[in-house]
Amino acid sequence: MEKSYQPDAIEGRWYKQWEEKGYFSPNQTGQPYSIMLPPPNVTGNLHMGHAFQDTIMDVLTRFHRMQGDSTLWQPGMDHAGIATQMVVERQLANEGVSRHDIGREKFVESVWDWKSESGGQIEKQMRRLGASVDWEHDRFTMDEDLSRAVTKVFVELYHENLIYRGKRLVNWDPVLHTALSDLEVVSTEENGHLWHIRYPRVDGKGYIVVATTRPETMLGDTAVAVNPDDPRYTDLHGIELELPLTGRRIPVITDSYVDIEFGSGCVKITPAHDFNDYEMGKRHQLPVINVLNDDASINDDAPEAYRGLDRFEARKKIVADLEAAGLMEKIEPHVLMVPHGDRSGAVVEPYLTDQWYVKIAPLAKPAIEAVENGDIRFVPENYNKTYFDWMHRIEDWCISRQLWWGHRIPAWYAPDGSIHVGYDEADARQRSGLDDDIPLRQDEDVLDTWFSSALWPFSTLGWPDKTPRLDKYYPTNVLVTGFDIIFFWVARMIMMGLKFMGDVPFREVYVHGLIRDAHGQKMSKSKGNVLDPIDLIDGISLEEMIEKLTSGLMQPHMAPLIEKNIRLDFPEGTSAFGCDALRFTFAALATNGRDIRFDLGRIDGNRNFCNKLWNAARYVLMSTSDHEVHAVPQSSAADRWIISRMHKMIGDVRAHINEYRLDLAAQRLYEFIWNEYCDWYLELSKPVFQKGSADEQNAARYTLLHVLECSLRTLHPMMPFITEEIWQRLKAPLGIDGETIMLQPFPVAGDIDQQAEDDIEWLQKVLQGVRNIRAELNVSPGKVLDVTFQAGTATDRERQKRFATLLSGVGKINMNQWLEADADTSEYSVALVADLKVLVSLKGLVDLEDELARLGKLLERELTDLKKSEAKLGNSRFVDNAPPAVVEKEHQRLAAHNQKVDGFRAQIKKLEKLLD
RNA sequence: GGGCGCGUAGCUCAGCGGUAGAGCACUGCCUUGACAUGGCAGGAGUCACUGGUUCGAUCCCAGUCGUGCCCA
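### Side note on the overall build of chain A
Regarding its fold elements, chain A presents 30 helices and 29 strands. Whereas a compact globule of 916 residues would reach a radius of gyration of roughly 29 Å, chain A reaches 37 Å, over 25% beyond that. Each principal axis of the C-alpha atoms in chain A carries an extent, and together these give about 115 × 65 × 60 Å. A total of 916 residues make up chain A; the buried ones form 41% of that total.

### Some details on the packing of helix α9 (residues 361–372) against helix α15 (residues 486–501)
One can describe the packing of α9 onto α15 by two numbers: an axis separation of 9 Å at closest approach and a directional angle of 105 degrees. Compared by their axis directions, α9 and α15 come out roughly perpendicular. Each of Leu 363, Ala 364, Pro 366, Ala 367 and Ala 370 in α9 lies in contact with α15, whose residues at this interface are Ala 491, Ile 494, Met 495, Leu 498 and Lys 499. Residues belonging to the contact of α9 with α15 are distributed by class as follows: nine nonpolar, no polar and one charged.

### Structural notes on the domain arrangement of chain A
Along its sequence, chain A is carved into domain 1 (178–350), domain 2 (596–750), domain 3 (753–841) and domain 4 (847–916). With ten residues of domain 3 at the interface, the matching set in domain 4 holds eleven residues. If you tally residues by element for the side of domain 3 that touches domain 4, the top one is strand β28 (residues 828–833), at three residues. The class makeup of the residues in the side of domain 3 that touches domain 4 is four nonpolar, three polar and three charged.

### With respect to helix α21 (residues 637–658)
For α21, which comprises 22 residues, the first-to-last C-alpha distance of 32 Å matches the rise-based estimate of 32 Å (1.5 Å per residue) to within 8%. The positive-phi residue at the C-terminal boundary of α21 is Tyr 660, with phi of around 60 degrees.

### Description of the sheet that holds strand β11 (residues 248–254)
Strands pair in a sheet through their backbones, by hydrogen bonds, and they do so in one of two ways: parallel or antiparallel. Read from one edge to the other, the open sheet built from four strands follows the order β10-β11-β9-β12, with strand pairing classed as mixed. Strand pairing shows two members of the sheet lacking a second neighbour, β10 (240–243) and β12 (266–269), which therefore form its edges. Ignoring which end each strand starts from, the neighbouring axes of this sheet average 35 degrees apart. The pairing of strand β9 (residues 223–226) with β11 spans three bridges and is classified as parallel. Following the sheet pairing, Val 224 is matched in β11 by Val 252.

### Describing the packing of helix α19 (residues 579–589) against helix α20 (residues 600–624)
With their axes 8 Å apart at the nearest point, α19 and α20 run at an angle of 125 degrees to one another. It follows that α19 is oblique to α20 by the angle criterion. Here the hand of the crossing between α19 and α20 comes out right-handed. Residue-level inspection shows Asp 580, Ala 581, Leu 582, Phe 584, Thr 585, Ala 588 and Leu 589 of α19 in contact with α20, the latter providing Arg 602, Ile 603, Asn 606, Arg 607, Phe 609 and Cys 610.

### Structural notes on the protein's contact with RNA strand B
Around RNA strand B, the structure places 44 residues, and the nearest of them are Thr 591, Asn 608, Asn 611, Tyr 619 and Ala 775. Residue assignment for the surface near RNA strand B shows that the elements contributing at least two residues are α10 (383–393), β25 (596–597), α20, α22 (662–691), α25 (754–776), α28 (848–874), α29 (876–881) and α30 (884–915).

### Points about the sheet that holds strand β6 (residues 178–180)
Ordered by their spatial adjacency, four strands build an open sheet running β6-β5-β14-β16, and the pairing between neighbours is antiparallel. Whereas interior strands pair on both sides, the edge strands pair on one side only; in this sheet they are β6 and β16 (397–398).

### Here we look at the nonpolar core
Judged by nonpolar contacts, the single largest core of 219 residues is most densely connected at Val 224 and Val 838. Considering every element that reaches this core, the biggest residue donor is α22, with eleven residues. The residues contacting Val 838, other than those within four sequence positions of it, are Val 766, Gly 769, Val 770, Val 787, Phe 789, Val 830, Ala 831 and Val 833.

### Here's the deal with the environment of Gly 265
Structurally, the position occupied by Gly 265 is in the loop between β11 and β12. On the basis of neighbour counts, which here come to 19 C-beta atoms within 10 Å, the residue Gly 265 falls in the partly exposed class. Note: C-alpha distance between Gly 265 and Arg 232 (33 residues apart in sequence) is 8.9 Å. For Gly 265, the residues in contact, after removing those within four places along its chain, are Val 226, Asn 227, Asp 230, Arg 232, Tyr 233, Val 258 and Ile 260.

Cut-offs and rules
Residues numbered from 1 in each chain as written. Chains lettered and ligands numbered in written order. Predicted model: local features only at pLDDT ≥ 70, side-chain atom pairs only at ≥ 80, totals over all residues. Helix = DSSP H or I, 4+ residues; strand = E, 2+ residues; numbered from the N terminus. Rg over C-alpha atoms; globule rule 2.2 N^0.38 Å. Buried ≥ 20, exposed ≤ 12 C-beta atoms within 10 Å, placed from the backbone. Axes fitted to C-alpha atoms, helices over the stretch in contact; angles between N-to-C directions. Parallel < 35°, antiparallel > 145°, perpendicular 65-115°, else oblique. Contact = placed C-beta atoms within 7 Å. Nonpolar A, V, L, I, M, F, W, Y, C, P; charged D, E, K, R; others polar. Domains from an automatic or database assignment. Expected span 1.5 Å × (residues − 1). Pairing = 2+ DSSP bridges. Left-handed = near helix turned anticlockwise from the far one by under 90°. Near = placed C-beta within 6 Å. Core = buried A, V, L, I, M, F, W, Y, C linked by C-beta atoms within 7 Å.

Right under this line is the structure:
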């Protein structure tokens, strides 16, 4: 074995073997356990969030697979309508072609071409992470069978009147020319203005002032509203105003929706271009005047002067014209929320169009109940609240998109405008009883990408067919996801699952936090602070990193700043940490429901942990090769101790993983392997190999191998590669029959051996006492010390005898005869282990002053604790009220402190006498 | 404005009624036949603040301040 762990040498090799041998496929025998991979966008690249999420899912998957469950981790990709269409359109634009030049059919073809060439990069990257997904059943939302599921759901919902077509205001993206759902709109706070405009009264009695943040929409005003309780405006009720620049007359109406405090208290009403105004318009039967084209330029229903102008151009001209006409009262700075399309970034317009909607209330009700009655459990629990909040306010879902890439809506229009929905044209015709000679035209629109994603938990398993996979793996056990898509995806899967499968799509939803950079900032391309997980595995130089993060920026002027920050945060790029270190770091950071600052220090430490494990394995193999190893009935206290500690660790790890506390599980493994197995057990084994009997050596060899092998299996879900590599080398000496650690049983916790734990704890305390003396008195670690014991109990004497070899071997000490109780100990430095005095001969070693100082410090510490105990026990309210066990424990503590205080005081007195 | 979090060692975070923990960083000693990606020892915290409940509060409750996110 290499002297240090080299991850790149083994990772690729093992993954290839696992995949080729079909280890990722679920077995036939176990009880089902399934997880759906949230399908990444086909345009996507693996970012830190994916890597984190994939690690969590892979840990759960491997954990259950090792327990013999029929474990399915279902992979696949999402066609990502808008994102993908944009990518391919951009590519065409580079060739000077627009999608309209080549037409719908050719365009969709070129999307498929793009997909087969450059799509799905992310699945290659998932392999680098060790993700053990069932690649044989990889799915894509645009696959034929998944599309069939989409059509069926649409048709059924339509014929149940749960899907309808309606004309109403939608969020319109004027750059992409498509409708968006509420969720695809992100509002940002921006600095704008509040324009106060004078609307002249028709009766000639002056004017009233309305305030608006969007003056261009005045072209579509059809009323001005005041609050009926506003005392300032009672004389306005029912009068007419002249709408400036248009020559139209509009009424003043009253509506209690109007906020008396805001602006002038008079609100212009534009039903076609504002959601609230639209509702108010409906209440008052106002006309709806749309003044925009679908690219947000002013249309022909507006006065001629503004026609064809872009909305922001029109705004400038309108403001100028109003000022020229003396109708601009004032302009104030104003902070407002501006809606943007989440893909294009364009300012979204409320826009009146015909769209398809899902009637959500009947679907939401059972979905709310499923969480209320515990059929679905959120982890952490507080996400229930977020879910309920949203589900109770949920509105109908706009599912049509004016795109070409996606599932085409299975609706056909007859010349008379009637709508016919079916699996295909023939079916639609038949359902409506239409003759073949009536021409039908299919709806041009496609469905929202999330419509197909909502079906993912059953469409990937074969639905609408009744397949064995569907039967076996639905409902899935857990959904692992970020809170950001609870509404986009989680809620909709629950609704669709309940509707079409009659059962929840998953029993639990584990919601993890967001990965942020070291400063707590969200990672984003525009900030140039994204880390590529693959770079953390392979390492990347500073120069490459700068090149990568500063190229292709939307805002190239940010490049120098980004470069500066990279140089600060990663002065040497990053080293090659390897996949296992990265995964272990993610696991260790996966604390409940909290965002994660990704800290390079952690991954560095975990890389070192890999190396530690590697070298422990080297030691074990070195000490056991050339020997026949087998389990022995008689083993030493140290052997029994490490096995007992391991059982405790295994039990804890199992419990933590079951509770989704991968951080605690990782910490437990780290502690056990490093601080107990390596720091203590390996060291304790060394004297055995030097001086122990053949039986003792044999027992130690077996224990070394056995504990390492079990630890590897416990660690495997988090660190699949290094554990496999080492495990393969342990197979032969342990006589294990098996091809891969992946399919070995996950260890089960056994009994605790309290006696062995007590024994070794004693040994550790004695050795620590000696080490402390050594360090504090500056005695070199190599020097063999003369040590003797005094006082103590019969058990101490027995242990001293039993562990003599270990004490002298590990502690580098020379054990002398037990001192009589009254012997003079002034020549010694002392450590106390309960009743026992551990005495290190000071002859020629140190200054007595140093020893006095050391003892003084220890005494001081004991006194502080002693006083605390005394105070507590002196408080009768504590003694009377606290549980007896707590009081008893406090008494024991007090006794222990007293013992030590007495011991240190006596020793100090002796030394002081000597100095006088 | 409403909702959900979070303020614990220099940093990143566990703990959440019975004497404060880890990793990294820091200090000292050590190239000892697994590992310097290491060993041993050590220093370091009025657990944001103020009240309350309790024999006892970092932990529970209320409020304040700071901070983050989501929804209006």
